[in-house]
Amino acid sequence: MWMTFNKFGTTRILRGLAAISCVLTSSSAAQTLDRVVASVNGSVITLRELNQKVQDLNRLYARPDSPTKGKVPPEGAVKRRAIEDLIEEELIVNRLKGDLREETAARFAEKTVDEQLDQLRKQVGEAEFRARLAQESQTVEEFRAAMIADRKRQILVQQARQAWIDEYLLTPVSQAQVDKYLEEHKGVLEEGGAPEVQFVFLRIPDESDPAAVEAVQRKAEKVLARARVGEPFEQLVEEFSQHDQSKGRKGFLDLISPTNPFPEFAPLFELDAGQVNPQVIRITGWFCIAKVKSKQSIYNLVRRRIALEEQRKALEELKKSAIIVYDREVFPATTP
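Owing to the predicted nature of the structure, the values given are computational and were not obtained by experimental measurement. Throughout this document, residue positions are counted from 1 along each chain, in the order its sequence is written. At least 70 in pLDDT is required for a residue's local features to be given in this predicted model, at least 80 for side-chain atom pairs to be given and counted, and no such filter applies to totals for whole chains, interfaces and linings, which use all residues. Values shown for side chains rest on all heavy atoms present in the structure; no hydrogens or waters enter the calculation.

Caption draft 1: Layout of the overall build of the protein. Working definition: helices are DSSP H or I runs of at least four residues, strands are E runs of at least two. Numbering for both runs from the N terminus. From N to C terminus, the protein includes twelve helices and nine strands. Here the protein, with 336 residues, has 44% of them falling under the buried criterion. Here a residue-residue contact requires only that any non-hydrogen atoms of the pair lie within 4.5 Å. Counting contacts in the protein only where the partners sit at least 6 residues apart, residues at least 24 apart contribute 74% of the total. Looking at the protein as shown, the accessible area adds up to about 17200 Å², and 52% of this sits on carbon and sulfur atoms. Throughout, exposure labels follow a simple rule: accessible area from a 1.4 Å probe, protein chains only, divided by the maximum for the residue type, with under 20% read as buried, over 50% as exposed, and the rest as partly exposed. Computed by Shrake-Rupley with a 1.4 Å probe, the accessible areas treat only the displayed protein chains as cover when residues are assessed.

Caption draft 2: Spotlight on the nonpolar core. Buried Ala, Val, Leu, Ile, Met, Phe, Trp, Tyr and Cys residues form a nonpolar core when they are joined through side-chain atoms within 4.5 Å. Within the largest apolar cluster, 41 residues are counted, with the highest numbers of intra-cluster contacts made by Val37, Ile45, Leu50, Ile83, Ile87, Phe129 and Phe331. Elements supplying a minimum of two residues to this core: β3 (36-40), α2 (47-62), α3 (75-95), α4 (102-124), α5 (126-135) and α6 (140-169). Among the elements that line this core, the one with the most residues is α6, at nine residues.

Caption draft 3: Inspection of the sheet that holds strand β5 (residues 196-203) at higher detail. Two strands make a pair as long as DSSP finds a minimum of two bridges between them. Pairing is antiparallel across the open sheet formed by four strands, whose spatial order is β6-β5-β8-β7. Of all the strands in the sheet, the pair left with one neighbour each is β6 (252-253) and β7 (281-283). Bridge count between β5 and β6: two bridges; the pairing is antiparallel. Bridging from a neighbouring strand, Gln198 pairs with Phe252 of β6. Axis definition: a line fitted to C-alpha atoms, over the contacting stretch in the case of helices. Angles run 0 to 180 degrees between N-to-C directions. Packed on one face of the sheet, helix α10 (residues 233-240) meets β5 and β8 (286-294) and runs near 30° to β5.

Caption draft 4: Representation of α4 in the model. The end-to-end C-alpha separation of α4 is 32 Å, in line with the 33 Å expected for 23 residues at 1.5 Å each. Along α4, the residues that are buried comprise Ala105, Phe108, Ala109, Thr112, Val113, Gln116, Leu117 and Leu120. Taken from the residues just after α4, Gly125 is the one with a positive phi, measuring 90°. Working rule for helices: expected span equals 1.5 Å times residues minus one.

Caption draft 5: Seen up close, the packing of α3 against helix α12 (residues 298-321). Packing of α3 against α12 brings their axes to within 10 Å, and their N-to-C directions diverge by 95°. The angle between the axes of α3 and α12 places the two elements in the roughly perpendicular class. Counting all contacts with α3, which are made through Glu84, Glu88, Leu91, Ile92 and Arg95, the residues of α12 involved are Arg312, Leu315, Glu316, Leu318 and Lys319. Amino acid classes used here: Ala, Val, Leu, Ile, Met, Phe, Trp, Tyr, Cys and Pro are nonpolar; Asp, Glu, Lys and Arg are charged; the rest, including Gly, are polar. When grouped by side-chain class, the residues that make up the contact of α3 with α12 number four nonpolar, no polar and six charged. Oblique is the label for every angle not falling under 35 degrees (roughly parallel), over 145 degrees (roughly antiparallel), or within 65 to 115 degrees (roughly perpendicular).

Caption draft 6: Geometry of the environment of Glu270. On the secondary structure map, Glu270 appears in the loop between β6 and β7. For the pair Glu270 and Pro258, spaced twelve residues apart in sequence, the C-alpha to C-alpha distance is 9.7 Å.

Caption draft 7: How the structure looks around the environment of Asp99. Secondary-structure assignment places Asp99 in the loop between α3 and α4. The class of Asp99 is exposed, set by a relative accessible area of 63%. For the pair formed by Asp99 and Ala160, sequence separation is 61 residues and the distance between their alpha carbons is 8.9 Å.

Caption draft 8: The packing of aromatic side chains, seen in detail. Any pair of Phe, Tyr and Trp rings, taking the six-membered ring for Trp, is counted once the centres come within 6.5 Å. Such a pair is stacked with planes under 30 degrees apart, edge-to-face with planes over 60 apart, and tilted for the rest. Going through the model one piece at a time under the given rule, you end up with seven aromatic pairs. Residues Phe201 and Trp286 carry aromatic rings whose centres are separated by 5.8 Å and whose planes lie at 75° to one another, so their mutual orientation is edge-to-face. Of the two residues, Phe201 sits in strand β5 while Trp286 sits in strand β8, which places them 85 residues apart along the sequence. Like Phe201, the residue Trp286 is buried in the burial classification.

Caption draft 9: Main features of unusual backbone geometry. The phi dihedral of Asn41 falls on the positive side, at around 50°, and the residue is not glycine. Tracing the sequence through the fold places Asn41 in the loop between β3 and β4 (43-46). Assessed through its relative accessible area of 46%, Asn41 is described here as partly exposed. The backbone of Lys69 shows a phi angle near 60°, a positive value even though the residue is not glycine. Following the sequence through the fold, Lys69 ends up in the loop between α2 and α3. The class for Lys69 is exposed, based on a relative accessible area of 66%.

In short, the description is geometric, and any link to function would need to be established separately.
What follows is the structure, encoded as structure tokens:
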């Protein structure tokens, strides 16, 4: 699973101040709703959501360790990928509608957004913060509401995706199935079994401010010291981690191989179960404190890969049977 670590960082909020347009208010105080660009079984996808997904993908593609090696595809291709991702997310969430912990997701989203906005105000100053919002004809309340809605949606997508995978993981897989998979996928044996690792992620502020970066690093080292003396790691995750995708899973992040998702995580493959990595790990945008919960076997690795493949097939079937409507002004008849 590819992780977009900068997705919810302060950098995104700073850029978002100039780009987010959930609600536009005219001088007559009449509000214009955000434009609908597609619908999936009656659930709408808005232009704001599409633009945000395009921005996220562009940042992902621009990374040197991305699947495209830092080369951003043409705008049309990114937009098509963005709308397909949003459609899949709607299908995944709607599949478990009613079983998701929406109230919990809303409370967590509100808490994390408020923390980020407080941090942003301190970094740019209250006057600059409001000035940037004013450029987009937005109030603080409108901007906050848009960020909370976006954060809640991402949490629900992650919940639904993980719950679906867990359904497949409950299905027994025989050794014969594992052997067949390994025969058909030779590279898995070379990767070896990835460990189960919990992380505390601390966001690195703008690197043009060395003092701020150093302050976060000192904080990370203090958290590491607490982890190494035996404080419950789940508690440290809850108290300090700033990365939603892993925090919502008690700090767990799927590692695929020593180089995926980040080569900096390679030393974790050498640790024994229960060990805390003795140093803070730095990756793009984050300081990381890591603990190996358990060593995964090849059997468990293959089992999860099979589950992911089954989920992908089932999702394609959901798409075939779904009623999907596109705004053809945004997506001409030939696309997506």
